[in-house]
Amino acid sequence: MSVSVDTDNFDKEVLKSEGIVLADFYSDSCGPCRKVSPVLNELEEKYKSKIKLAKIDVNCDAKLARKYVVRAVPTIVFFKNGTESTRIIGAADKSDYSSVIEKLI
């Protein structure tokens, strides 16, 4: 189950999490974001105990988006044990996200 993340709980939910966290920087008004969201939910289900999906609405938390230099949405930032590993900017195929996850596991 994805978790809503903002400045107040980002450290706890992302930086202090063990394992892999997909930080989904999105906007409700973004078409590509709406396309990517169900794909990320499917991956979260597929990799149940191996990944966490953290959703960050850039309209509600612009400060966090600036801190992580998110200039376009969707931007998926992959963290492993609290450290950024890679990111995918823009909508991508399910296989692209899976490939990154498999490399991080």
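To be clear, the structure that these remarks concern was listed above.
Keep in mind the model is a prediction, meaning the values are calculated, not measured. (Residues numbered from 1 in each chain as written. Predicted model: local features only at pLDDT ≥ 70, side-chain atom pairs only at ≥ 80, totals over all residues. Heavy atoms only, no water.)

Peer 1: Please clarify how the packing of aromatic side chains should be interpreted in this entry.
Peer 2: The relation between two aromatic rings is expressed through the spacing of the ring centres and the mutual angle of the planes. Per the counting criterion, the structure on display carries 4 aromatic pairs. Ring centres 5.1 Å apart and planes at 45° place the aromatic pair F10 and Y68 in the tilted group. With a gap of 58 residues between them, F10 in helix α1 (residues 10–15) and Y68 in the loop between α3 (62–67) and β4 (75–80) connect regions that are remote in the sequence. Across this residue pair, the class does not change: F10 and Y68 are buried. Between Y68 and F79, the aromatic rings sit 5.8 Å apart at their centres with planes inclined by 80°, giving edge-to-face as the arrangement. Remark: F79 occurs in strand β4 and Y68 occurs in the loop between α3 and β4; sequence separation between them is 11 residues. A relative accessible area of 13% means that Y68 is categorised as buried. Among the residues examined, F79 registers a relative accessible area of 2% and is labelled buried. (Phe/Tyr/Trp six-rings, centres within 6.5 Å; stacked < 30°, edge-to-face > 60°. Helix = DSSP H or I, 4+ residues; strand = E, 2+ residues; numbered from the N terminus. Buried < 20%, exposed > 50% of the residue type's maximum accessible area, 1.4 Å probe, protein only.)

Peer 1: Looking at this model, I keep getting lost on the pairing of β4. Mind explaining?
Peer 2: In regular strands, side chains alternate between the two faces of the sheet. Counting buried residues in β4 gives 5 out of 6 residues, a clear majority hidden from the surface. Bridge count between strand β2 (residues 20–26) and β4: 6 bridges; the pairing is antiparallel. Pairing of F25 across the sheet is with T75, part of β4. Relative to strand β5 (residues 83–89), β4 runs antiparallel, the two being bridged by 6 bridges. (Pairing = 2+ DSSP bridges.)

Peer 1: Would you mind going over the environment of L15 with me for this structure?
Peer 2: Here L15 lies in helix α1. Sequence separation between L15 and R66 is 51 residues, and the spatial gap between their C-alpha atoms is 16 Å. Ignoring anything within four residues of it in the chain, the contact list for L15 reads F10, Y68, F79, N81 and G82. (Contact = heavy atoms within 4.5 Å.)

Peer 1: Before we go on, may I ask you to explain the pairing of β2 in this structure?
Peer 2: Of all 7 residues in β2, 7 are buried; the element is thus mostly enclosed. Here β2 shows two buried faces, one formed by I20, L22, D24 and Y26 and the other by V21, A23 and F25. Across 7 bridges, β2 lies against strand β3 (residues 51–57) in parallel orientation. Bridge pairing in β3 places V21 opposite K52. At this point the chain moves from β2, through helix α2 (residues 31–46), to the parallel β3, and the crossover so formed is right-handed. (Right-handed = clockwise from strand over helix to strand, strands pointing away.)

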